[in-house]
Amino acid sequence: MRRRVKSAGILGAVTLVVIALAIVLPQLGGRESGAQEPGKAFVPPGKLDEYYMFASGGHSGQVYVFGIPSMRRIRTIPVFTPDPATGWGYDEHSKRMLGGYTWGDVHHPALSETRGEYDGRWLFVNDNANNRVARIDLKTFTVGQILGPVPNIMGPHCAAFVTPNTEYFMMPSRFSAPIPTGTYAPLSEYGKKYFGVLAAIAVDPKTGEMSVGWELLLPPWQYDLSDAGKKVSEGWAFLTTYNTEEATTVLEKNASKNDRDYIIVLNWREVEKAVKAGKFTAIAGVKVVDPTKVPGLVYLIPVAKSPHGVDVSPDGRFIVASGKLQPTVTVYEFAKIQEAIQKKDFAGTVRGLPVLNYESVRVAEVPVGLGPLHTQFDDKGFAYTSLFLDSAIAKWQLGTWKVVDKVQINYNVGHLAAAEGDSASPDGKYLVSLNKMAKDRFLSVGPSHPESLQLIDIAGGKMRVIADAPVDPEPHYAQIVKADKIKAIEIHPKETKRPNSVWSPKDARIERKGNEVHVYMYAIRSRYVPDNVEVNQGDRVFFHITNNDLDEDLTHGFGISLYNVNMEIQPGETKTISIVAEKPGVYPFYCTNFCSALHQEMQGYLLVKPKK
C-alpha cells in the first residue's frame with residue numbers, strides 16, 4: 001500500500017497534513033489506543049477455538065493458520081516457498097509444483113464457497129510475484145495444485161475472490177504490461193501496447209482442479225482489490241482501479257492527478273456466453289475477450305481517488321468502495337446499477353467502455369474517517385471499515401449510513417477479517433485488524449518492529465480490542481471460517497495400490513535401472529527398511545518412503561547429511577525424494593521428525609562408492 005500525495009493545490013496540502021498527523025498521533029498515544037480487556041480471548045487448555053483464520057504470509061510465500069479467539073498460530077502452510085521444516089520443495093512432487101521458483105508473494109486467501117457460504121473444502125491463494133495461484137486442500141492442509149505462471153497477467157494482486165459457487169477464482173493484473181508475457185514495448189507506447197488482464201481460473205466442482213477458463217482485456221491501469229456479487233448480484237464482479245492516468249513514473253504524484261478512478265463492473269456470466277460464441281482471440285493459448293468489441297460485458301463507475309477495496313454486502317445489494325485519499329466510503333446499489341445499464345444512463349466512455357452516471361448509481365458517501373481501505377460485515381446490518389491514516393476501525397450502519405462507533409488500533413491497519421465477514425451470512429462475533437506496523441507493542445527485536453494482528457469483539461454495541469498477536473511480515477488479508485466447516489483427516493488412508501508405496505518390510509527393496517537407483521523404503525517407528533543403501537558415485541538415487549505408522553500425528557522425516565535434502569512423511573503417506581550421489585563417502589540418513597523414545601535409533605547410511 002503506497003501513501004499518495006496530490007500533485008498540487010489545496011487538496012495536496014491537506015493530504016500532506018493528514019499523512020503527517022497519521023504518522024505522529026498514533027506514536028504520541030499509541031500505548032493507550034486499543035486498550036485491551038484481558039481474558040476475553042482466552043481459550044483454556046483442552047478447549048478448541050471457534051474459528052480458523054487463514055492469513056496471507058506476504059513475501060514468505062506461505063499461509064498462516066490462527067485459531068480465533070485465542071489468536072494462537074496453529075500452523076504455517078508452505079505454498080510458494082521451499083520449507084525445510086516440512087521438506088516442501090525438496091520432495092519430487094512439491095519440487096515439480098514450485099517449478100524452480102524459490103519464493104512467492106501471498107496476498108489474498110479465498111475460501112471456496114457454495115451459494116456464497118464458505119464450504120470448508122479448499123483455500124485459494126495468489127502469488128503476486130510470479131503470476132501463480134495455489135489450491136490448498138483443507139482435508140490435509142497441504143497444497144494440492146499450483147497453476148502458473150498464468151499467461152498474459154502480471155502481478156495478480158487483486159486475486160482475492162471466488163464466485164459464489166467457486167466457478168472461478170479471479171486473477172486481475174496489478175501491473176499492466178504488453179501481452180503475451182515476454183513481449184517488449186517501450187514505455188512511450190504504454191497507452192497503445194500495454195494492457196490490464198483479468199484471468200478467470202476455472203475450478204472443477206468435484207476435484208478442485210484449476211485451469212485457465214478465459215481472460216478479459218482491460219485498459220492499461222492498475223487493478224486492486226475485488227469482490228464477487230452474491231444473491232441479487234450473483235453473476236457480476238467488481239474491481240477497483242488506480243493509475244487511470246496511465247502514468248509510468250513517480251506514481252505517488254502522477255497517479256493521483258485525476259479527481260477519480262473507476263470501479264470495473266463486470267458481467268462474468270455474459271463473458272462466458274461470449275467465449276462460447278467464439279467472440280475471443282487466442283493469446284498465448286488462452287481465450288481472451290475484448291469488452292470494447294463485445295458490448296454489455298464491462299462498465300465503469302467513478303470512485304474516489306486511489307481505491308483499495310471494494311466489498312459486496314451479504315445480501316448482494318450494496319457495493320462499498322474505499323478511496324484512500326477521501327475520508328468517506330462510497331456505497332452503490334446494484335439495482336441502480338442495473339437500471340442505469342438498461343437506460344444507458346452513461347456519462348460518456350473511457351477507453352471504449354461506458355461510464356455509468358455517478359449520481360444515478362450512488363446511494364451514500366459515508367464519512368468514516370481518514371484512509372479507508374477495506375470493509376467487512378456482520379449479521380446485524382453493520383459494516384466495518386479499516387482506516388489506515390486514522391489507525392482505527394469505523395463501524396457504520398447499512399441503510400442509515402451513519403457511523404455508530406470507532407475504535408483505535410495499533411498501528412496503520414490495512415485489511416480486516418471478520419468471522420465469515422465477506423460471506424452471504426456473517427457471524428458478527430469477532431473481527432481481526434491486520435496492522436501494517438506495530439509501535440511499542442512487543443519486546444524489541446531490533447530496528448524492524450513486529451507487525452501485528454488485533455482481535456476485536458464486535459458482538460455488542462461497542463467494539464473492544466481484546467487481544468493482539470505479533471505476526472511475520474507482512475499481514476495482507478485473511479478469512480475467518482467456522483471451525484466445524486473444516487473436515488481435516490487424521491491420517492492418510494492406506495492405499496495398497498498407490499505407486500511406489502511399501503506396506504510390508506518384505507516388500508522393501510533396492511532396484512537399479514542403469515545409473516538410476518530406486519530405494520523402496522518401509523518406515524515405522526523406529527527404523528527404516530532398508531537402513532543401509534550402497535550406490536555408485538554419479539548415480540541418481542530415488543528414495544520412495546512410506547510411513548507405515550497409522551497413528552495420528554506420528555510423522556517421520558528423512559534427511560541425508562551434507563546432501564541438502566529433508567522431507568516429512570505423514571502417517572499413511574508415500575513421498576519420493578531424489579539426489580545425485582556426486583559426493584563419494586559415507587553419509588548418515590536419519591528421521592528428522594521426533595517419532596518415539598527410540599527416535600535417535602531411526603537412522604541408516606548412504607554409502608557412495610567412488611568412481612575408479
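So, how was this worked out
- Residues numbered from 1 in each chain as written.
- Predicted model: local features only at pLDDT ≥ 70, side-chain atom pairs only at ≥ 80, totals over all residues.
- Heavy atoms only, no water.
- Domains from an automatic or database assignment.
- Contact = heavy atoms within 4.5 Å.
- Buried area = accessible area lost by both parts, 1.4 Å probe.
- Salt bridge = Lys/Arg side-chain N within 4 Å of Asp/Glu carboxyl O.
- Phe/Tyr/Trp six-rings, centres within 6.5 Å; stacked < 30°, edge-to-face > 60°.
- Helix = DSSP H or I, 4+ residues; strand = E, 2+ residues; numbered from the N terminus.
- Buried < 20%, exposed > 50% of the residue type's maximum accessible area, 1.4 Å probe, protein only.
- Arc of directions from axis to C-beta.
- Lys, Arg positive; Asp, Glu negative; His and termini not counted.
- Polar contact = N/O pair within 3.5 Å; in protein donor to acceptor, adjacent residues only side chain to side chain.
- Pairing = 2+ DSSP bridges.
- Axes fitted to C-alpha atoms, helices over the stretch in contact; angles between N-to-C directions.
- Core = buried A, V, L, I, M, F, W, Y, C linked by side-chain atoms within 4.5 Å.

Concerning the domain arrangement of the protein
- As assigned here, the protein comprises domain 1 (51-485) and domain 2 (505-609).
- For domain 1 versus domain 2, the distance between C-alpha centres works out to 43 Å.
- Domain 1 puts eight residues into the contact, and the matching count from domain 2 is ten residues.
- Buried area between domain 1 and domain 2, summed over both chains or domains, comes out near 760 Å², and the portion from carbon and sulfur atoms is 43%.
- For the domain 1 face of the interface with domain 2, the top three residues by lost area are Tyr90, Asp91 and Glu92, together amounting to 56%.
- Where domain 1 meets domain 2, there are zero salt bridges.

Overview of the packing of aromatic side chains
- All chains considered together, the criterion is met by 21 aromatic pairs.
- Arranged with centres 5.7 Å apart and planes meeting at 50°, the rings of Tyr52 and Phe141 form a pair that is tilted. Of this pair, Tyr52 sits in strand E1 (residues 51-56) while Phe141 sits in the loop between strand E6 (132-137) and strand E7 (142-147), placing them 89 residues apart in sequence.
- Residue classification places Phe141 among the buried positions, given a relative accessible area of 15%.
- Ring centres of Tyr332 and Tyr358 lie 6.2 Å apart, and the angle between their planes is 80°; on these two criteria the pair is classed as edge-to-face. Of this pair, Tyr332 sits in strand E20 (residues 329-333) while Tyr358 sits in helix H7 (residues 358-361); the two residues are 26 residues apart in sequence, bridging distant segments of the chain.

Some points on helix H6 (residues 334-343)
- All of the buried residues along H6 are Phe334, Ile337, Gln338, Ala340 and Ile341. The buried residues of H6 all sit within an arc of 160° when viewed along its axis, so they share a single face. Exposed and facing more than 90 degrees away from the buried side of H6 are Gln342 and Lys343.
- Where H6 ends, the next residue or the one after it, Lys344, has phi of about 55°, a positive value.

As for helix H5 (residues 268-276)
- Those residues of H5 lying buried are Trp268, Val271, Glu272, Ala274 and Val275. Buried residues along H5 cover an arc of 160° about the axis, so they all sit on one side. The outward face of H5, more than 90 degrees from its buried face, is lined by the exposed residues Lys273 and Lys276.
- Buried-residue contacts for H5 involve strand E9 (168-172), strand E11 (210-218), strand E13 (236-242), strand E14 (260-267) and strand E16 (286-289).

A few points about unusual backbone geometry
- The omega torsion across Asn410 and Tyr411 is 20°, close enough to zero to call that bond cis.
- Omega for the peptide link from Arg525 to Ser526 comes to 5°, which places this bond in the cis form.
- In this structure, Ser526 sits in the loop between strand E34 (516-524) and strand E35 (527-529).
- A positive phi is found at Met71, a non-glycine position, where the angle reads about 65°.
- With respect to the helices and strands, the residue Met71 is situated in the loop between strand E2 (63-68) and strand E3 (73-77).
- For Asp553, which is not glycine, the phi dihedral falls at a positive 70°.
- You can see Asp553 is positioned in the loop between strand E37 (540-547) and strand E38 (556-560).
- Since its relative accessible area comes to 64%, Asp553 is described here as exposed.

Quick word on the side chain of Lys575
- Relative to the elements of secondary structure, Lys575 occurs in strand E40 (residues 574-580).
- Look at Lys575: it is buried, it has no salt bridge, and the nearest opposite charge is Asp91 at 4.2 Å.
- Within polar-contact distance, the side chain of Lys575 engages the backbone oxygen of Glu568 at 3.0 Å.
- Not counting the four nearest positions on each side in its chain, Lys575 is found in contact with Thr86, Asp91, Phe543, His544, Ile545, Met567, Glu568 and Ile569.

Details of the sheet that holds strand E4 (residues 110-114)
- Strand order in the open sheet formed by four strands is E4-E5-E6-E7, with antiparallel pairing between adjacent strands. Edge strands, defined here as strands with exactly one partner in the open sheet, are E4 and E7. Direction aside, the axes of adjacent strands within the sheet are offset by 30° on average.

Comments concerning the sheet that holds strand E41 (residues 585-590)
- In space, the five strands of this open sheet follow the order E36-E42-E41-E38-E39, with mixed pairing throughout. Of all the strands in the sheet, just strand E36 (532-536) and strand E39 (565-569) have a single pairing partner and so form its edges. Averaged over all pairs of adjacent strands, the angle between their axes in this sheet comes to 20°, without regard to strand direction.
- Two elements, E41 and strand E42 (residues 603-609), share six bridges in a ladder whose sense is antiparallel. By the bridge assignment, Val586 is partnered in E42 with Leu607.

Considerations on the nonpolar core
- Counting residues in hydrophobic clusters, the biggest one holds 29 residues, and the most contacted among them are Met170, Leu198, Trp214, Leu216, Ile264, Leu266 and Val271.
- The biggest single contributor to this core is H5, with four residues.
- Other than its neighbours up to four places away in sequence, Leu216 contacts Gly196, Val197, Leu198, Leu266, Val271, Val289, Pro291 and Val298.
- Listed in part, the 27 residues of the second largest apolar core include Ala523, Val535, Phe543 and Met567.

Here's the deal with the environment of Met97
- Looking at where Met97 falls in the secondary structure, it is placed in helix H2 (residues 92-98).
- With sequence-adjacent residues up to four places away left out, Met97 is seen in contact with Trp88, Val143, Gly144, Gln145 and Ile146.

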